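The residues making up each chain are set out below.
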Amino acid sequence: MVTISLMGQLQTADGERDLACELASPMTVRQVIQRQGIQLRHLLQLIREKKVLVTINKKIASDDSLVHDGDAIRLVGHDGFGGSGLGPTHA
């Protein structure tokens, strides 16, 4: 079981902040988020734009970092300037 905690202003489309999912084998943070479906899909764009800090077991990670059974993922929203700025950029 892997836990995903959304910190700061982040939440799922349904307003949830804590999720858990089964993990049969190690996979990347990106793959874990993709497996959660539409409720977390918006976070992938924010991670690519460096607006979300990813940690695994309280250590800084990236969307390519491997997650193992029992790990805790935390996603912390930021824009680098102390504001919210958590909407995806449409360029």
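Look up a bit, the structure's there.
Residues numbered from 1 in each chain as written. Predicted model: local features only at pLDDT ≥ 70, side-chain atom pairs only at ≥ 80, totals over all residues. Heavy atoms only, no water.

Looking at the pairing of strand β4 (residues 52–56)
Summarising burial for β4: 4 of the 5 residues are buried, a large majority. Note that β4 and strand β7 (residues 72–77) share 5 bridges and pair antiparallel. Along β7, the bridge assignment pairs Val52 with Gly77. Across 3 bridges, the pairing between β4 and strand β5 (residues 59–61) is antiparallel. Across the sheet, the residue bridging to Ile56 is Lys59, located in β5. Between β4 and the antiparallel strand that follows it, β5, lie 2 residues; Asn57 among them carries a positive phi value of about 50 degrees. (Buried < 20%, exposed > 50% of the residue type's maximum accessible area, 1.4 Å probe, protein only. Helix = DSSP H or I, 4+ residues; strand = E, 2+ residues; numbered from the N terminus. Pairing = 2+ DSSP bridges.)

So, the pairing of β7
Relative to β7, strand β1 (residues 2–7) runs parallel, the two being bridged by 5 bridges. Note on β7: the bridge partner recorded for Leu6 is Leu75.

Observations regarding helix α2 (residues 38–48)
If you check which residues of α2 are buried, you get Gln39, Leu40, Leu43, Leu44, Leu46 and Ile47. Turning to α2, the residues buried within the fold contact β1, β2 (18–21), α1 (29–35), β4 and β7. Positioned one or two residues after α2, Lys50 has a phi angle of 60 degrees, which is positive. (Contact = heavy atoms within 4.5 Å.)

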